[in-house]
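Tertiary structure, described
Residues per chain, in single letters:
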Amino acid sequence: MVIRTEALTKDFTTGFAARRPSRALDALTIDVRPGEIFGLLGPNGAGKTTTLKLLLQLLFPTSGTAEILGRPAGDVDARRRLGYLPEHPYFYEYLTAEELLDYFGRLFGIEPAARRRRASALLDDVGIGAERRLPLRKLSKGLLQRVGLAQAMLNEPELLILDEPMSGLDPIGRRDVRNLIARLHGEGRTILFSSHILTDAEALCSRVAILAKGRLAAAGPLRELLSEQVRGWEILVRGLDDAGRAALSARGLPAALLPGGLSQILLPASSRPEPVIADLAASGASLVSASPQVETLEDVFLRRIAAAGETAPGDLA
Amino acid sequence: MRLGTVHQVAVHVFKESVRDRVLYSAVLFAGLLMAASFLIGQLSAGQDLKIIKDLGLAAISLFGVFIAIFIGIGLVSKEVDKRSIYALLAKPVTRQELIAGKFAGLALTLAVNIAIMSAVFFVVLTYHHWTAVDAVRRGWEAPAVDPRLLVAVFLIYLQLLIVTALALFFSTFTSPLLAAAFTLGVWVAGHFSADLKAFDEIVEAPAASALGRILYYVLPDFSAFDVKSAVVHGQHVAAGLVGLNVLYAAAVIGVLLIAAALIFSRRDFK
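Residues numbered from 1 in each chain as written. Chains lettered and ligands numbered in written order. Predicted model: local features only at pLDDT ≥ 70, side-chain atom pairs only at ≥ 80, totals over all residues.

1. Considering the overall build of chain B
Check the secondary structure of chain B and you find 13 helices and zero strands. In sequence order, chain B lays out its α and β elements as α-α-α-α-α-α-α-α-α-α-α-α-α. Taken over the C-alpha trace, chain B has a radius of gyration of 21 Å; the compact-globule value for 270 residues is 18 Å, and the two agree within 12%. Taken along the three principal axes of its C-alpha coordinates, chain B extends 70 × 55 × 30 Å. Contacts spanning at least 24 positions in sequence make up 84% of the contacts within chain B whose residues lie at least 6 apart. (Helix = DSSP H or I, 4+ residues; strand = E, 2+ residues; numbered from the N terminus. Rg over C-alpha atoms; globule rule 2.2 N^0.38 Å. Contact = placed C-beta atoms within 7 Å.)

Put into structure tokens, the structure is as follows:
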């Protein structure tokens, strides 16, 4: 395993006079396998960032263990082999992107020529052009995110830990980062990323873990979490007249009017769409589309989060 | 602990200080010293050299303490507050190496700053030597350009290293404001170390007397480093005293940095 956590738990104390423990992560057990893209999903405050910080020993666990690249969390040798992008990355504002990568390259002990070459190529990769020579305080949030990605890849890591990598990026930036993650995965690197943007996770991840209020709400391969069973059908037609609409209503299938002269008919999974399509064609409506409705990651996410909400630990006091 | 990593962190701290215009304080020092020297030269004949030496050494000390405290407390707290520490500690750098590198970087910054201020100081003293008439020169207790002044500057530097270690130590577990207040408090109290030792002679309460004695042993004794008046009056500073001060400073700094590293190595970064 590249990453393994066993009953990983973290409590924080809140309050000044009367200090109360609050559980941010509750007995999390997950593993990340070599070469996979693993998504750590959950709403804000679910414990995603806490988990990543525990893996990097930016936080110390209250109980439980975490291993990373076969070493205990925080091991310096393991850190040589991983790259980390913090959430909302912030770097030394008086350095340029080139200088930041040079400083971090020195900490990895990369030779000067290789350092310069690698920094330049990485900044090209993440789309940092002439801005690489500007002080980092002058860069936008999106550009800082790109610099953060570049520094995470500086040591050609086996494992990338990315905390909300799409955060702060515009649609083009998000597409670029998605492509970059896919390319890094293609190179055989393992990627663990946290996100609350489910479409990104759906597009990239082979396995996911869903956290809710510090607890593991669901985990496993995406294809297992997403039921492939058809939950119903959506039929879109154009030119449905009142008679056709009344006929559908009589069968218990109301048609909803959509913009652009379209009508939407939703069929339960127990009905076959073919007879309805035939009737619609006979009434003069023209078929636009007929699609099976399958469960999305968002459906799974919302269902699991709702279920976990009833049993989450919350404050311990 | 890997010295290469400590070196890289130290160079980074130095670069940050230079870009933060910390060395501009030396330029301010130069301007103030030259202006003061000109005024003093106008006002008091005969004693002007001693006053300039006193003023120069005191200013080097004060400017140095200002840098040591205000840059020192920011070394760690700024990294934490601005969250730049997250990416840094994901690199192969231990927290102990980070503390050592931060200290070494500020020690380097202070050394460069003091070197510039001392150079300006000696330029001003050389000017006084050239412009003074022979009769005035003969009245001086010590030559204007006196190498013994460098001993005083060196001991000021040792004090500043202790102040830096104090600032770093306090900033590992408290807020920047409190860290600055604690460091400044210890620096001031450390200059009255001898008075703390003799506290029982002026107070009757045994508890106060015991507290004075405890503080005497716990607080760094900065008065031991103060040879300014001796040097200004042309007195010799024994090599043994300098050597003992070096050993004392090394011991105090060592204890403070180890304590800082221990506290910092268990700290959560939320």
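2. Some points on the interface of chain A and chain B
On the side of chain B, 21 residues touch chain A, which itself brings 22 residues to the contact. Looking at the side of chain A that touches chain B, the elements with two or more residues in it are α2 (76-80) and α3 (97-107) of chain A. Among the elements that take part in the side of chain A that touches chain B, α3(A) stands out by supplying four residues, more than any other. Class assignment of the residues belonging to the side of chain A that touches chain B gives a composition of 17 nonpolar, one polar and four charged. (Nonpolar A, V, L, I, M, F, W, Y, C, P; charged D, E, K, R; others polar.)

3. Some remarks on the sheet that holds strand β6 (residues 82-85) of chain A
Residues and elements named next belong to chain A. Pairing within the open sheet is mixed, and its six strands lie in the order β6-β7-β8-β3-β9-β10. With partners counted over all chains shown, the strands left at the sheet margins are β6 and β10 (215-221), one partner each. Geometrically, the sheet is characterised by an average inter-axis angle of 10° between neighbouring strands, direction not taken into account. Bridge count between β6 and strand β7 (residues 159-163): four bridges; the pairing is parallel. Note on β7: the bridge partner recorded for G83 is L160. (Pairing = 2+ DSSP bridges. Axes fitted to C-alpha atoms, helices over the stretch in contact; angles between N-to-C directions.)

4. A word on the sheet that holds strand β2 (residues 20-32) of chain A
Residue and element names in this part refer to chain A. One open sheet accounts for four strands, arranged β2-β1-β4-β5; its pairing is antiparallel. Whereas interior strands pair on both sides, the edge strands pair on one side only; in this sheet they are β2 and β5 (71-72). Here strand β1 (residues 3-14) pairs with strand β4 (residues 63-68) via five bridges, running antiparallel. In the sheet register, I3 faces β4, and the bridge partner there is I68.

5. Brief notes about helix α10 (residues 273-282) of chain A
Taking burial as the measure, the 10 residues of α10(A) include one buried ones, a minor fraction of the element. Following α10(A) by one or two positions, G284(A) adopts a phi angle in the positive range, close to 100°. (Buried ≥ 20, exposed ≤ 12 C-beta atoms within 10 Å, placed from the backbone.)

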